[in-house]
Amino acid sequence: MHPAIQTYLHKLTGGALILVMSKCKTDGLTEIYSSPPIPVLEIAEQNDLQIIFANFGSGSECVARYCNFRNAQLFVNTADDPRRQSFTIPHELVSMNQLRMELIGIT
């Protein structure tokens, strides 16, 4: 996106441009799927987020995930129910995309 357009949209949205762009990117991640199940693991990996299923030991009951955004890694708790894992992965993918946009100056 052209920098002048970014600046205009940033002013127009009162600083909420990152949320608008994140929603557009997020909506685009699943547009080819018409019904469940959505392959969240594949989508995350196609978007350069490495998913690592890990045992959090004694913290397993309290921790759903650990994110290392610098290395684009998401550690998902193996003790969590698969439905919880299927929520955690796309939730953190959206967070990572928002962070990437902030880092390249789309804020």
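Up top is the structure.
Reading the values: the criteria
Residues numbered from 1 in each chain as written. Predicted model: local features only at pLDDT ≥ 70, side-chain atom pairs only at ≥ 80, totals over all residues. Heavy atoms only, no water. Helix = DSSP H or I, 4+ residues; strand = E, 2+ residues; numbered from the N terminus. Expected span 1.5 Å × (residues − 1). Buried < 20%, exposed > 50% of the residue type's maximum accessible area, 1.4 Å probe, protein only. Polar contact = N/O pair within 3.5 Å; in protein donor to acceptor, adjacent residues only side chain to side chain. Salt bridge = Lys/Arg side-chain N within 4 Å of Asp/Glu carboxyl O. Pairing = 2+ DSSP bridges. Core = buried A, V, L, I, M, F, W, Y, C linked by side-chain atoms within 4.5 Å. Contact = heavy atoms within 4.5 Å. Axes fitted to C-alpha atoms, helices over the stretch in contact; angles between N-to-C directions.

Student: I'd like a description of helix α4 (residues 82-103), backed by residues and values.
Tutor: The terminal C-alpha atoms of α4, which comprises 22 residues, lie 31 Å apart, in line with the 32 Å expected from a rise of 1.5 Å per residue. Q85, T88, I89, E92, L93, M96, N97 and M101 are the residues of α4 that are buried. For α4, the side-chain oxygen to backbone nitrogen distance between the N-cap and R83 is 2.8 Å, and the N-cap itself is D81.

Student: Before we move on, could you go through the pattern of salt bridges and cite the residues and values that matter?
Tutor: Counting across every chain of the model gives 2 salt bridges. Between R65 and E92 there is a salt bridge, and its shortest N-O distance comes to 2.7 Å. Of this pair, R65 sits in strand β2 (residues 65-68) while E92 is found in helix α4, placing the two residues 27 residues apart along the sequence. Looking at R65, the relative accessible area reads 36%, which means it is partly exposed. Between R83 and D81 there is a salt bridge, with its nearest N and O atoms 3.0 Å apart. Owing to a relative accessible area of 35%, D81 belongs among the partly exposed residues under this scheme.

Student: Explain the pairing of β2 residue by residue, including any values.
Tutor: Where β2 and strand β3 (residues 73-77) come together, 4 bridges link them in antiparallel fashion. Looking at β3, one finds that N68 is bridged to Q73. Where β2 hands over to β3, the hairpin turn is made up of 4 residues, of which A72 adopts a positive phi near 55 degrees.

Student: So what's going on with the pairing of β3? Residues and values would help.
Tutor: Judged by how many residues are buried, β3 sits mostly within the fold: 4 of 5 residues are covered. As paired elements, strand β1 (residues 50-54) and β3 share 5 bridges and run parallel to each other. The partner of I51 across the bridge, within β3, is L74.

Student: Can you tell me about the nonpolar core, naming the residues and giving the values?
Tutor: Listed in full, the 12 residues of the largest apolar core are V40, I43, A44, L49, I51, C67, A72, L74, V76, I89, L93 and M96. Of all the secondary structure elements, the ones that give two or more residues to this core are α3 (40-46), β3 and α4. Leaving out residues up to four positions away in the same chain, A72 has contacts with D48, L49, Q50, M96 and R100.

Student: For the sheet that holds β3, give the residues involved together with the corresponding values.
Tutor: Spatially, the 3 strands line up as an open sheet ordered β1-β3-β2, and their pairing is mixed. The sheet terminates laterally at β1 and β2, the two strands that pair on one side only. With strand direction ignored, the average angle separating the axes of adjacent strands in the sheet is 20 degrees. Packing against the sheet, α4 makes contact with β1, β2 and β3, and its axis sits at approximately 160 degrees to β3.

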